[in-house]
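In case you want the letters, here they are:
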Amino acid sequence: MKAKKIILASNSPRRRELLAGLDIDFEVKVLPDIDESFPDGLSVDEVPQFIAKAKADAYLDMIDADTLVITADTVVVLDDEILGKPADDDDARRMLHKLSGRTHQVITGVCLTAHDKQSVFAVNTDVTFKAFTEEEIEYYVDRYHPLDKAGAYGIQEWIGHIGVTALNGSYFNVMGLPVQRIYTEMQKF
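Residues numbered from 1 in each chain as written. Predicted model: local features only at pLDDT ≥ 70, side-chain atom pairs only at ≥ 80, totals over all residues. Heavy atoms only, no water.

Draft legend 1. Structural context of the nonpolar core. If you look at the biggest cluster of nonpolar residues, it comprises 37 residues, and the most contacted ones within it are I70, L112, Y153 and I182. Of all the elements, strand 3 (residues 67–78) adds the most residues to this core, at five residues. With near-sequence residues (within four places) excluded, L112 lies in contact with L68, V69, I70, K117, Q118, S119, F121, I182, E185, M186 and F189. Core analysis: the second largest hydrophobic core is formed by five residues, I7, A9, I63 and V69 among them. (Core = buried A, V, L, I, M, F, W, Y, C linked by side-chain atoms within 4.5 Å. Buried < 20%, exposed > 50% of the residue type's maximum accessible area, 1.4 Å probe, protein only. Helix = DSSP H or I, 4+ residues; strand = E, 2+ residues; numbered from the N terminus. Contact = heavy atoms within 4.5 Å.)

Written out as structure tokens, the structure is:
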């Protein structure tokens, strides 16, 4: 991959940190106002891949033969419902109450786009939380303000430390970037 200029198309500090863990050089470039809506009728499994590809397509004019763009979208799914980023603290509390004592899925769709090739895939991870007390939810929302996180939580934060009782799949996927799978897919380029 040393021959490629790699662009991470994400504002997420967690994604930057995770990609840096692969010891590859990359730059961050984020285009404003990319539409992240999706058509009705998509299954929850298809949504993150659809959005990751839509983000990638916005960069097509910038991609030359030496460029690889990485885009991603992460969703939290419980009972076939996507729990996106909470609108406010009350919405975050509502989501955490729903996730409390349950197993949910975290799905990250990724799109790797080069001049002549595109790879779109998703990684799924099951996360089980203990039953949270009201005080634990209040503490987390008041202290961490998880409004920028799908499902209103960051697994790497306090709520993940005290709440995750089981994890089936990639921890890094839950943080927002399945770096092991990205590494494997990048080797194919």
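Next comes the rest of the write-up.
Draft legend 2. Spatial organisation of the environment of P86. Inspection of the secondary structure puts P86 in the loop between strand 4 (81–83) and helix 3 (89–99). Residue P86 is classed as buried on the basis of its relative accessible area of 5%. Separated by 64 residues in sequence, P86 and A150 place their C-alpha atoms 7.3 Å apart. Discounting chain neighbours no more than four positions away, the residues touching P86 are D91, A92, M95, P146, L147, K149 and A152.

Draft legend 3. Inspection of the pairing of strand 3 at higher detail. The buried fraction of strand 3 is high, at 12 of 12 residues. Here strand 3 shows no split at all, with T67, V69, T71, D73, V75 and V77 on one side and L68, I70, A72, T74, V76 and L78 on the other all buried. Note that strand 1 (residues 5–8) and strand 3 share four bridges and pair parallel. Counterpart to I6 in the pairing with strand 3 is L68. Strand direction decides the pairing type here: strand 3 and strand 5 (residues 103–114), joined by 10 bridges, are antiparallel. Counted as the bridge partner of I70 is L112 from strand 5. Here strand 3 hands over to strand 4 after two residues, with D79 in that stretch at a positive phi of 55°. (Pairing = 2+ DSSP bridges.)

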